[in-house]
Every structure is written in structure tokens, then in C-alpha cells.
Amino acid sequence: MNDVLKLTSARALRDLMARHGFQLKKQYGQNFLVDERVLDAIAAASGLTHSDGALEIGPGAGVVTRRLAERAKSVVAIEKDRSLAPVLAESLKGCNNVEIVYDDVLEVDLARIWKHFAEAGCEHVAVVANLPYYITTPILFHLFDAGVDWARMVVMVQREVAQRMAAPPGGKTYGALSVAVQYRADVQTVARVSPGSFLPPPDVESAVLCLERRLTTPVAVTDEAAFFRVVRAAFATRRKTLANALSTGLGIPKESALTLLARTGVDGGRRGETLTLAEFANIANTLVQPS
Ligand code: SAM
């Protein structure tokens, strides 16, 4: 393990990047963490032990990666920017349980990575990431839709996105992302993070969230694809009433949308943002029920 480099020191990080002629790229969301306190909070929230695997998205200069390597049995980190290779070679020198995959996380076959963790004998796998903010939501959906068995996700996201992920029904921040996250996980805020914790500082405030995978879903859903179709339709046009939104989003006549809602006891004049997970499940289960 490389003991000399203190990557949370902005100066040491700048020197490391300069040694390898590395220039930060704004278009890749490269705001590197330089706050030991936040790093400690992320590591603690990961709950990783030496029998676990860790998937990191966007290792950057390796500050989080090194911490994960100390705690986990096996670490896989996916980085899009190949020009970070010499930087990571130096910062991760001696970390023999780390594999870097240079690729776009959205293109990576996550099932193959989970196979690697299984072959390494990992009991649980946690996803830990200081996410590139320009693609936070696509990355979360890529992980959700991959069908892989993550136990926990500890993610740094823009604070406004964190609020959307944790939002209860009824407010402006509650949307399809809130439902998608809360259907699968229990959400806790680990830390609020200010721009000064990064090099360079981003224009937005950030937060670290911990998503603890639910062992059973909070509501009974007969057909998940139908459930998420209803959710997407309900939020696609937020100003429309639920009956109109479902009619447009599901491609059914308004009369059918009203009948569907009447069968579930949900008022078609409501807006999607007022519906609980249980009400979405009820509508979706009724939709796929043979009449
Ligand atoms: N983990 C480092 C840290 O905390 O300092 C870097 C975090 S930085 C916010 C985001 C990282 O994600 C960058 O290293 C960036 O190059 C990488 N990245 C951006 N888009 C990506 C993509 N599509 N797939 C994989 N990595 C990506």
C-alpha cells in the first residue's frame, strides 16, 4: 500500500496529477474529493469487510479506491478516462485486490463484474461512488436494471438529486427517481458536502446517501415492468391530472384510465406526485389483472 501519498491533500493531489501530465476534464464531472472527513464517512457507511466486494464508479485519482482496497476483499473500479491510468498506477501501487476497468459504466456488462466478485468469494457487494453528476440518474438506473445483487450503495450526488431520491410523496421533488429508489432501498443521508471538499470545487452542493437494499419490496407488485410504466406515465407530464397522464403515458383512452383508477379507488383528478408507492402498486396490479 502506498503510505506516502495523502490524496485528500489538494497539494499532493495536484502534484500527483502534474507528475503524469494529467489535466482535469470538466466534461467527465472530474471533481476529486479532498476531504478526509467525508472520505471517512463514505468508508464507514460502506460497511465493507474483508469478505466483501466493492464496485466503484469513477475512481478518478484513486482516493476512494484506496480506502476500499483497505476494507474489502476485492475492488473493481470503472473509469471512463483512460488518461488517468498512470495516475492510478501510482496512487494504487501495492493495492493488489483492485482491478480497474477503463470503460464507460453505462456500457459495462455489470453481470460479468458480479461474476468476478462471486469467483473471488465475496459475500456481499457494495457500490461506492463519488458519481459524475452529469449522468447520475442514468447510472443509478443502469445499476437498478442490471439485475445484479448489490447489498448497499453509498453514493455522492448533487444535493438536489439526493433530495429527489429521498423525497416523500406530495412535494415538488418527489418523482419517478424517488419511487425507483425507495421501491428498492431504504435511503439515509450520510453527509452533506460543500463545494470546498473537492478539487476543483463544483458549482453545486453535494450529499452522500446510503441506499440499503430492501430484502423485500415495500409494496406487493405483480409485474414490475407495469409498475414502472405507470410511475413513468404519472410523472411524465406533471401538470396533467393522473387520468390524463395515464391516458397519454400508457396509450389508453381517457375513459379506460378513469375506469382503471375507479377500480383502484384513486381519484383521477389527483396529480402523480401525490401518490404513495402503495397507490402506484395498486394501479399497476389492477392494470395487469385479467378483467
Ligand atoms: N472517485 C474520485 C474522487 O472521489 O475523487 C473521482 C470522482 S469524480 C466526481 C467522477 C469520476 O467519474 C471521474 O474520474 C470521471 O472521469 C469518471 N467518469 C465520468 N463519466 C464516467 C462514465 N461514463 N463511466 C465511468 N466513469 C466515468
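Keep in mind the model is a prediction, meaning the values are calculated, not measured. (Residues numbered from 1 in each chain as written. Predicted model: local features only at pLDDT ≥ 70, side-chain atom pairs only at ≥ 80, totals over all residues. Heavy atoms only, no water.)

J.: Explain the nonpolar core to me, please; I cannot follow it from the model alone.
T.: A general trend in soluble globular proteins is that nonpolar side chains are found buried together. Leu 55, Trp 114, Met 165, Leu 211, Phe 227, Leu 246 and Phe 280 are the most contacted members of the largest nonpolar core, which totals 63 residues. Tallying contributions element by element places helix α9 (residues 224-236) first for this core, with seven residues. Structurally, this core is a two-domain feature, drawing no fewer than three residues from each of domain 1 (2-213) and domain 2 (224-288). Sequence-distant contacts of Phe 280, defined by excluding residues within four places in its chain, comprise Tyr 174, Val 179, Phe 227, Val 230, Val 231, Ala 234, Phe 235, Gly 272 and Leu 275. Counting residues in hydrophobic clusters, the runner-up holds 40 residues, among them Leu 68, Ala 69, Ala 72 and Val 98. (Core = buried A, V, L, I, M, F, W, Y, C linked by side-chain atoms within 4.5 Å. Buried < 20%, exposed > 50% of the residue type's maximum accessible area, 1.4 Å probe, protein only. Helix = DSSP H or I, 4+ residues; strand = E, 2+ residues; numbered from the N terminus. Domains from an automatic or database assignment. Contact = heavy atoms within 4.5 Å.)

J.: Help me out: how do you make sense of the site of the ligand in this one?
T.: Inspection of the region around the ligand gives 25 residues, with Leu 33, Gly 58, Glu 79, Asn 130 and Tyr 134 positioned closest. Residue Val 105 places a main-chain N or O atom 3.0 Å away from a nitrogen atom belonging to the ligand. Between the ligand and Tyr 134 there is a distance of 2.8 Å, counted from a nitrogen atom to a side-chain nitrogen or oxygen. Out of a free accessible area of 590 Å², the ligand has 99% covered by protein chains. At a threshold of 2 Å from the grid points, most atoms of the ligand map onto the largest pocket. Mapped by element, the contributors of at least two residues to the shell around the ligand are β1 (32-33), α3 (63-71) and β3 (74-79). Residues belonging to the shell around the ligand are distributed by class as follows: 13 nonpolar, six polar and six charged. (Near = heavy atom within 4 Å. Polar contact = N/O pair within 3.5 Å; in protein donor to acceptor, adjacent residues only side chain to side chain. Areas by Shrake-Rupley, 256 points an atom, 1.4 Å probe, with all protein chains shown as cover. 1 Å grid on protein atoms, 1.4 Å probe; cavity = no way out; pocket = protein on both sides within 12 Å on 5 of 7 lines; lining within 4 Å. Sits in = over half its atoms within 2 Å of the grid points. Nonpolar A, V, L, I, M, F, W, Y, C, P; charged D, E, K, R; others polar.)

J.: Teacher, can you tell me more about the layout of surface pockets here?
T.: Space left empty within the atom packing is revealed by a probe, the size of a water molecule, rolled over the atoms. Within this model, the largest pocket holds a volume of roughly 650 Å³. Residue lining of the largest pocket: 39 residues in total, with Tyr 28, Gly 29, Gln 30, Asn 31 and Pro 132 positioned closest to the centre. Elements with a contribution of two residues or more to the lining of the largest pocket: β1, β2 (53-57), α3 and β3. Of the residues in the lining of the largest pocket, the class split is 23 nonpolar, seven polar and nine charged. (Points joined across faces, edges and corners; volume = space filled by probe spheres on them.)

J.: What's the story with the domain arrangement of the protein in this structure? I'm lost.
T.: By a widespread convention, an interface's size corresponds to the accessible area lost as its parts come together. With domains assigned, the protein is organised as domain 1 (2-213) and domain 2 (224-288). Just the C-alpha atoms count here: the centres of domain 1 and domain 2 sit 35 Å apart. At the interface, 12 residues of domain 1 touch 13 residues of domain 2. For the pair domain 1 and domain 2, the two sides together bury roughly 980 Å², of which 69% comes from carbon and sulfur. In terms of surface lost to domain 2, no three residues of domain 1 exceed Tyr 174, Val 179 and Tyr 183, which account for 52% of the buried area on that side. Linking domain 1 with domain 2 are zero salt bridges. (Buried area = accessible area lost by both parts, 1.4 Å probe. Salt bridge = Lys/Arg side-chain N within 4 Å of Asp/Glu carboxyl O.)

J.: Hey, could you run me through the pattern of salt bridges in this one?
T.: Think of it this way: side chains of opposite charge can pair up when their charged atoms draw near. Under the definition given, this model contains 13 salt bridges. One salt bridge connects Lys 80 with Asp 104, and the closest N-O pair in it is separated by 3.4 Å. With Lys 80 in the loop between β3 and α4 (85-91) and Asp 104 in the loop between β4 (98-102) and α5 (110-119), this pair connects stretches of sequence that are 24 residues apart. Taking the relative accessible area as the measure of exposure, Lys 80 reaches 36% and is therefore partly exposed. A salt bridge links Arg 159 to Glu 205; its shortest N-O distance comes to 2.8 Å. One end of the pair, Arg 159, is in helix α7 (residues 159-166); the other, Glu 205, is in the loop between β8 (198-199) and β9 (206-213), and 46 residues separate them in sequence. What makes Arg 159 buried here is its relative accessible area of 14%. Three or more residues are tied together by salt bridges with common partners; here these are Lys 6, Glu 36, Asp 40 and Arg 67.

J.: Where do I start with α3 in this structure?
T.: In terms of burial, α3 is largely enclosed, as seven of its nine residues are buried. Residues Val 63, Val 64, Thr 65, Arg 66, Arg 67, Leu 68 and Ala 69 constitute the buried set of α3.

J.: Is there a simple way to explain the packing of aromatic side chains in this structure?
T.: What characterises a pair of aromatic rings is the spacing of the ring centres plus the angle enclosed by the ring planes. Counted under the stated rule, the structure contains nine aromatic pairs. Geometrically, the ring pair formed by Phe 22 and Phe 32 is stacked, given 6.4 Å between the ring centres and 10° between the ring planes. Here Phe 22 is found in the loop between α1 (10-19) and β1, whereas its partner Phe 32 is found in strand β1, with 10 residues between them in sequence. Measuring from ring centre to ring centre gives 6.2 Å for Phe 144 and Trp 150, while their planes differ by 35°; the resulting arrangement is tilted. (Phe/Tyr/Trp six-rings, centres within 6.5 Å; stacked < 30°, edge-to-face > 60°.)

J.: It is not clear to me how the packing of helix α2 (residues 36-46) against α3 should be interpreted in this structure. Could you clarify?
T.: In a packed pair of helices, the relevant descriptors are the angle between the two axes and the axis-to-axis distance. Viewed as axis vectors pointing N to C, α2 and α3 meet at an angle of 40°, and their least axial separation amounts to 10 Å. Classed by the angle they form, the pair α2 and α3 counts as oblique. Crossing of α2 against α3: the hand is right-handed. Contacts from Glu 36, Leu 39, Asp 40, Ala 43, Ala 44 and Ser 46 of α2 reach α3 at Val 63, Val 64, Arg 67 and Arg 71. Classifying every residue of the contact of α2 with α3 gives five nonpolar, one polar and four charged. (Axes fitted to C-alpha atoms, helices over the stretch in contact; angles between N-to-C directions. Parallel < 35°, antiparallel > 145°, perpendicular 65-115°, else oblique. Left-handed = near helix turned anticlockwise from the far one by under 90°.)

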